[in-house]
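# Coordinate inspection notes
The lines below spell out each chain.
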Amino acid sequence: MPPDNFLMQASGVNAGYGTMRVLWGVDLDIRPGETVLLLGANGAGKTTFLKTLVGLIEAREGAITLAGQDVTKMRSSDRMKLGMTYMSELAVFPDLSIEENLRVGAQALGHANPGARAEELYGIFPVLRDKRRAPASSLSGGQRKMLGIAKALAAEPKLLVMDEPSAGLSPLFVKEVLRVLSDLQKRGLSLLIAEQNIGFLEVATRVSVLEGGRIRFSGTVAEMTDNEALRRAYFGLK
Ligand code: ATP
């Protein structure tokens, strides 16, 4: 694909709740194979933006394209069929086994061979293979997060959209999530990750900073660290 052929492009996105406007003309794009980190403090509007992208909240203004198609008014399930999956822990079914969760994830988009897909995923998430027959409710918080990621991947998306994958995880598990994300990058998956944890800069190819519902900065990680104000705000350095 030529470099200007975006996998996902959001331009001028406005969204909110009732009379409250949260997003103000947000632009963000992702090229195939990129990992874009959306950094922002609590309440900056990260979750609202991700939900607008995947179609869980309506964009009041602006446009969103996915693989060249305008999806601004498209239902969330149809956006998934075009290859954009939203990872949320709530999507894990606690009463189903790990393997059943993965099969449900694969079947959601009509994967031809859910069993084989589950096997592939155990290669990336060995901890899940050991517990494949156990109910998801028996997993620790970190393991459940892994299952959430694996289940979102089961349908083989092109773009995985993740909201705060580090939330509630111990530093050790955050490291494990970063290892998994870097493995997925090598397999060519595109990622959009909303985070407050700057540790995720380690896997980012580009970063956008959201403040008060507006994009304050967009560029490479090196450009971000060159920006004195951002460096002070996010790295606590002078
Ligand atoms: P966090 O890390 O705390 O989730 P965030 O950057 O994801 O922060 P959002 O969750 O998008 O931010 O919230 C942005 C603003 O929208 C906040 O002021 C929040 O209180 C408000 N908000 C979020 N969800 C709703 C809702 N369902 N109804 C009304 N206001 C909401």
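Our structure is the block above this text.
Below is a short write-up of the structure. (Residues numbered from 1 in each chain as written. Predicted model: local features only at pLDDT ≥ 70, side-chain atom pairs only at ≥ 80, totals over all residues. Heavy atoms only, no water.)

Within the protein chain, the regular secondary structure consists of nine helices and ten strands. For 238 residues, the compact-globule estimate of 2.2 N^0.38 gives 18 Å, and the C-alpha radius of gyration of the protein chain, at 18 Å, lies within 12% of that figure. Seen along its three principal axes, the alpha-carbon backbone of the protein chain occupies a region of about 50 × 40 × 40 Å. Within the span of the protein chain, comprising 238 residues, buried residues form 48% of the whole. Within the protein chain, contacts between residues at least 6 apart in sequence are counted, and of these 64% link residues at least 24 apart. Total accessible area computed for the protein chain in this model is approximately 11,000 Å², and 52% of it derives from carbon and sulfur atoms. Side chains of the protein chain give 29 positive and 26 negative charges; the mean places of these two sets differ by 2 Å. (Helix = DSSP H or I, 4+ residues; strand = E, 2+ residues; numbered from the N terminus. Rg over C-alpha atoms; globule rule 2.2 N^0.38 Å. Buried < 20%, exposed > 50% of the residue type's maximum accessible area, 1.4 Å probe, protein only. Contact = heavy atoms within 4.5 Å. Areas by Shrake-Rupley, 256 points an atom, 1.4 Å probe, with all protein chains shown as cover. Lys, Arg positive; Asp, Glu negative; His and termini not counted. Charge placed at Lys NZ, Arg CZ, Asp CG, Glu CD.)

On to the sheet that holds strand 6 (residues 84-87), then. Strands sit in the order 6-7-8-3-9-10 across an open sheet of six strands; the sheet is mixed. The sheet terminates laterally at strand 6 and strand 10 (214-219), the two strands that pair on one side only. Going across the sheet, the axis of each strand differs from the next one's by a mean of 15°, ignoring polarity. Bridge analysis of strand 3 (residues 35-39) against strand 9 (residues 206-211) gives four bridges, and the strand direction is parallel. The residue bridging Leu39 from the neighbouring strand is Val209, located in strand 9. Together, strand 3, strand 6, strand 7 (159-163), strand 8 (190-195) and strand 9 form the strand contacts of helix 1 (residues 46-54), whose direction differs from that of strand 6 by roughly 145°. (Pairing = 2+ DSSP bridges. Axes fitted to C-alpha atoms, helices over the stretch in contact; angles between N-to-C directions.)

Let's shift gears to the sheet that holds strand 1 (residues 8-17). Strand order in the open sheet made by the four strands is 2-1-4-5, with antiparallel pairing throughout. One side of each edge strand has no neighbouring strand; the edge strands of this open sheet are strand 2 (20-30) and strand 5 (69-70). Sitting on the sheet, helix 1 touches strand 1, strand 2 and strand 4 (61-66), and the angle it makes with strand 1 is about 120°.

The next thing to look at is the environment of Lys51. Mapping Lys51 onto the fold places it in helix 1. Considered as a pair, Lys51 and Asp163 are 112 residues apart in the sequence and their alpha carbons are 9.3 Å apart.

With that settled, the discussion passes to the pattern of salt bridges. This model, assessed by the stated rule, comprises 14 salt bridges. With a closest N to O distance of 3.6 Å, Asp78 and Lys81 form a salt bridge. Taken together, the residues span about one helical turn, with Asp78 and Lys81 both in helix 2 (residues 76-81) at a distance of three residues. Among the residues examined, Lys81 registers a relative accessible area of 58% and is labelled exposed. A salt bridge links Asp183 to Arg187, with the shortest nitrogen-to-oxygen separation between them at 2.9 Å. Note on Asp183: relative accessible area 19%, which makes it buried. Within the structure, one salt-bridge network assembled from shared partners comprises Glu99, Arg103, Glu119, Arg129 and Arg132. (Salt bridge = Lys/Arg side-chain N within 4 Å of Asp/Glu carboxyl O.)

Before going further, it helps to examine helix 4 (residues 114-124). Within helix 4, the full set of buried residues consists of Pro114, Gly115, Arg117, Ala118, Leu121, Tyr122 and Ile124. Seen along its axis, helix 4 keeps its buried residues to an arc of 160°; they face one direction. Contacts made by the buried residues of helix 4 are with helix 3 (98-108), helix 5 (126-130), helix 6 (141-154) and helix 7 (171-186). (Arc of directions from axis to C-beta.)

We now examine the environment of Asp27. The topology assignment puts Asp27 in strand 2. Taking relative accessible area as the criterion, Asp27 reaches 43% and is therefore assigned partly exposed. Counting along the chain gives 17 residues from Asp27 to Ala10, while the straight-line C-alpha distance between them is 5.3 Å. Beyond its immediate sequence surroundings of up to four residues, Asp27 is in contact with Ala10, Ser11, Gly12 and Ile215. Within the structure, Asp27 has its side chain in polar contact with the backbone nitrogen of Gly12 (distance 2.6 Å). (Polar contact = N/O pair within 3.5 Å; in protein donor to acceptor, adjacent residues only side chain to side chain.)

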